Amino acid sequence: MVDGQASREALRFQEIDLLRGIIMVLMTLDHVRDYAWGAAVGDPMRVGEVSGGMFVTRFLSHFCAPLFIVLAGMSARFLQLKGMSTAELSRHLALRGALLVVLEVTVVDLAWNFYPPYPITYLQIIWAIGWSMVFLAILVRLPMVAIGTAGGVLTVGHGVIEALRPAELHGWGYVWFSVLFEKNVLDTGLGFAVRTTYPLVAPMGLIAIGYVLGGCYAPGVSQAQRRKVWVVAAITGLLAYAVLRLTHLGDPHPFVAFDNPWWTLMSFFNPTKYPLSLQFVLLTVSPGLLWLTITEVPRWTRPLLALGRVPLFYYIVHLYVIHAAMLGLAFLQGFGPQTMDFQARLGGVPEGFGLPLWAVYVTAGAISAALVPLCDLYGRARSRYGGFLRFF
């Protein structure tokens, strides 16, 4: 690749879009697994109870949420590096964050359930990123040191606050603690409940860290300098994970050594995802930073680039496609409409429906590949027309 600022600009976005594209495919794999195996398996990472293949399939998806949040913070910094003023960036982040929150409880919730209103509304990753963007909209007005400090304190310190949780919490105290720190189900009193799948404090810390890391792409930073930062940060993060995992720090569910060496290995790579524990963040973000050290994006990865350039668009569309495909496959397996209880089971997928694990991989790959042309078309339209499309 030719040296110079223009080439660095192109590589910058390609390597990050490629990482986003990989995240989209891994996420698709996990969501297909949700419909095909979720009810039958429950927790797909129960050491000693699930197969190695199921454990690895779920583990691959662990990189998606924390890396996507970090990359969202980096993308916000890119807007500033391109010339957007602090006031404009703050306004953009607040509007986009609010949009994501609304999308989570409307369009995304409908995609998962196909039945409004569902008894439980899941406040998941789009919700968490949305509120994190609103939080970052406030932080960007502060000095960079303050943003980095806030990110570090929230990412590292939220586990300490969780550990200090009073034994009994009631009323609004319980609600706020659940939204910020703890995965719980909250009764709204309106005929449905909400599940705080992704408590907000850890994602807020991660997006701030991502914003600071985005400074590594400033015009005055060479590619060699940037790669050095990624390597040092990644190796430090992985070593810190190993130390914390073995010393039972930074995660509410400690590492367990079993008589079975495979179970021991599974336990070592099984930190807490809900909420995003410090161990979980170190294990998943560190390899992502190492990935960013690539010096050239292979031509064969262009389909992944198409997905990574429009991640929100892909996220919404892929949920509807997966859900419709799973119901279609259920019909092909002989399940009729009367077996699809949309209130009792996620998305109405009938009891007894399922796919072999290999078919989960094939289905996820086929769906990702099928959406490449649509994402490419949308990406071109967004580049050409801009406007409201830039929010997706």
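Above: the structure in question.
Residues numbered from 1 in each chain as written. Predicted model: local features only at pLDDT ≥ 70, side-chain atom pairs only at ≥ 80, totals over all residues. Heavy atoms only, no water.

Novice: Could you clarify how one ought to interpret unusual backbone geometry in this entry?
Specialist: Working note: non-glycine residues mostly have negative phi, and peptide bonds are mostly trans. For the bond running from Y274 to P275, omega is -5°, close enough to zero to count as cis. Residue position: P275 is located in the loop between α10 (261–268) and α11 (278–291). Even without being a glycine, H248 presents a positive backbone phi close to 65°. The exposure class of H248 is partly exposed, given its relative accessible area of 41%. (Helix = DSSP H or I, 4+ residues; strand = E, 2+ residues; numbered from the N terminus. Buried < 20%, exposed > 50% of the residue type's maximum accessible area, 1.4 Å probe, protein only.)

Novice: Just to check I follow, could you spell out the layout of surface pockets for this structure?
Specialist: Over the atoms, a rolled probe matching the size of one water molecule traces out where space is still vacant. The calculated volume of the second largest pocket comes to roughly 960 Å³. Along the wall of the second largest pocket there are 32 residues; nearest its centre are R20, S75, R309, R382 and R390. Only α1 (5–41), α3 (64–81), α4 (86–113), α5 (125–139), α12 (302–309), α13 (311–332) and α14 (357–385) provide two or more residues apiece to the lining of the second largest pocket. A class-by-class count of the residues in the lining of the second largest pocket yields 17 nonpolar, 6 polar and 9 charged. (1 Å grid on protein atoms, 1.4 Å probe; cavity = no way out; pocket = protein on both sides within 12 Å on 5 of 7 lines; lining within 4 Å. Points joined across faces, edges and corners; volume = space filled by probe spheres on them. Nonpolar A, V, L, I, M, F, W, Y, C, P; charged D, E, K, R; others polar.)

Novice: Please clarify how α5 should be interpreted in this entry.
Specialist: Since the α-helix advances by 3.6 residues per turn, residues separated by three or four positions end up pointing in the same direction. Taking 1.5 Å as the rise per residue, α5 with 15 residues should run 21 Å; its terminal C-alpha atoms sit 20 Å apart, in good agreement. Judged by how many residues are buried, α5 sits mostly within the fold: 11 of 15 residues are covered. Those residues of α5 hidden inside the fold are in contact with α3, α4, α6 (144–163), α8 (201–213) and α13. (Expected span 1.5 Å × (residues − 1). Contact = heavy atoms within 4.5 Å.)

Novice: It is not clear to me how the environment of V281 should be interpreted in this structure. Could you clarify?
Specialist: For V281, the position within the fold is in helix α11. For V281 and I16, which are 265 residues apart along the polypeptide, the C-alpha to C-alpha distance reads 18 Å. In contact with V281, other than residues within four places in its own chain, are T155, L206, L276 and S286.

Novice: I tried to follow the sheet that holds strand β3 (residues 193–195) on my own but got confused; where do I start?
Specialist: Taking strand neighbours across the sheet as the criterion, the 3 strands line up as β1-β3-β2 in an open arrangement whose pairing is mixed. Single-partner strands in this sheet number two, and they are β1 (120–122) and β2 (185–187). If you compare each strand with its neighbour and ignore which way they point, the axes differ by 25° on average. Sheet analysis places β1 next to β3, joined by 3 bridges and oriented parallel. Opposite I120, over in β3, you have A193 as the bridge partner. (Pairing = 2+ DSSP bridges. Axes fitted to C-alpha atoms, helices over the stretch in contact; angles between N-to-C directions.)

Novice: When you look at the side chain of D109 in this model, what are you seeing that I'm missing?
Specialist: One can find D109 in helix α4. One buried charge, D109, has no salt-bridge partner; the nearest side chain with opposite charge is R195, at 12 Å. Excluding residues that lie within four positions of it along the chain, D109 makes contacts with L103, E104, I120, T121 and Y122. (Lys, Arg positive; Asp, Glu negative; His and termini not counted. Salt bridge = Lys/Arg side-chain N within 4 Å of Asp/Glu carboxyl O.)

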